[in-house]
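Here's the letter readout for the chains.
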Amino acid sequence: MTIPGSGDPTEYVRYQATAPNERGHLTGIFGLVNRLGRSGKLSEAQERFRRENNAWYDQAYTDPSTVDPSVYDPAVNPTATAWFKPTATHLLERIGGYLEILAAHGVDCRLVRSADPGRVIYEDDVQVVVVARGA
């Protein structure tokens, strides 16, 4: 199986919406699926997948806001986005199920790669959170 997002080992990986949300941001893959779940649009099987895999991700890596509450504070870092490190292939292996849910609901999501996604405001072994340069 090809891991979605695997490829160039020097590039960070992000899955995001193709259109900005109401705040003008490109929501990431987890936010897109969670929005569908919160609005009751997922089938029973999709909701089970979402809950089980979100719990797995919660155990597999740190929520940056638990380390530094300002990371996603819109007043402090309004353009903050999370990117997988290229070495986080074990986290990318589960992305396919999220992509399937989004496709089933007609929600566009695209893979973005960058060797330099922005100014790093948080980093751990599997991810970085960045803000746009100059922000």
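Above this text is the structure in question.
Residues numbered from 1 in each chain as written. Predicted model: local features only at pLDDT ≥ 70, side-chain atom pairs only at ≥ 80, totals over all residues. Heavy atoms only, no water.

**Q** Pulling in residues and values, what's your account of the side chain of K85?
**A** With respect to the helices and strands, the residue K85 is situated in the loop between β2 (81-84) and α4 (89-92). Within polar-contact distance, the side chain of K85 engages the side chain of E123 at 2.8 Å. Here D124 takes part through its backbone oxygen, which lies 2.7 Å from a polar atom of the side chain of K85. When near neighbours in sequence (up to four residues on either side) are disregarded, K85 contacts Y12, E123, D124, D125, V126, Q127 and V128. (Helix = DSSP H or I, 4+ residues; strand = E, 2+ residues; numbered from the N terminus. Polar contact = N/O pair within 3.5 Å; in protein donor to acceptor, adjacent residues only side chain to side chain. Contact = heavy atoms within 4.5 Å.)

**Q** Talk me through the nonpolar core; I want residue IDs and the actual numbers.
**A** With 20 residues, the main nonpolar core has I29, F30, Y57, F84, L91 and I95 as its most contacted residues. Within the residue set of this core, elements represented by two or more residues are β1 (12-17), α1 (29-38), α4 and α5 (95-104). If you tally residues by element for this core, the top one is α1, at five residues. Filtering out sequence-adjacent residues up to four positions away, I29 remains in contact with Y15, I95, Y98, L99, L102 and C109. (Core = buried A, V, L, I, M, F, W, Y, C linked by side-chain atoms within 4.5 Å. Buried < 20%, exposed > 50% of the residue type's maximum accessible area, 1.4 Å probe, protein only.)

**Q** So, the pairing of β1: which residues are in play, and what are the values?
**A** Counting buried positions along β1 yields six of six residues, so the element is predominantly enclosed. Two strands pair when backbone bridges link them, and β1 and strand β3 (residues 109-114) are joined in this way by six bridges, in the antiparallel orientation. Note on β3: the bridge partner recorded for Y12 is S114. (Pairing = 2+ DSSP bridges.)

**Q** Just give me the short version of the packing of α1 against α5, but keep the residues and values in it.
**A** In contact at an axis separation of 10 Å, α1 and α5 are set at 50° when each is read in the N-to-C sense. Considered as vectors, α1 and α5 are oriented oblique to each other. Considering only the axes of α1 and α5, their crossing is left-handed. Contacts between α1 and α5 involve I29, F30, L32, V33 and L36 on the former and, on the latter, I95, Y98, L99, I101 and L102. By residue class, the composition of the contact of α1 with α5 is 10 nonpolar, no polar and no charged. (Axes fitted to C-alpha atoms, helices over the stretch in contact; angles between N-to-C directions. Parallel < 35°, antiparallel > 145°, perpendicular 65-115°, else oblique. Left-handed = near helix turned anticlockwise from the far one by under 90°. Nonpolar A, V, L, I, M, F, W, Y, C, P; charged D, E, K, R; others polar.)

**Q** Lay out the pattern of salt bridges with the relevant residues and their values.
**A** By the definition in use, this model includes five salt bridges. For E47, the salt bridge identified is with R50, shortest N-O distance 2.8 Å. Within this pair, E47 and its partner R50 are both found in helix α2 (residues 44-60), separated by three residues, close to a single helical turn. One exposure class covers both E47 and R50, and it is buried. For E123, the salt bridge identified is with K85, shortest N-O distance 2.8 Å. Here E123, found in strand β4 (residues 119-123), pairs with K85, found in the loop between β2 and α4; they are 38 residues apart in sequence, far enough to count as distant. Overall, the relative accessible area of 47% leaves E123 in the partly exposed class. (Salt bridge = Lys/Arg side-chain N within 4 Å of Asp/Glu carboxyl O.)

None of this, on its own, says anything about what the molecule does.
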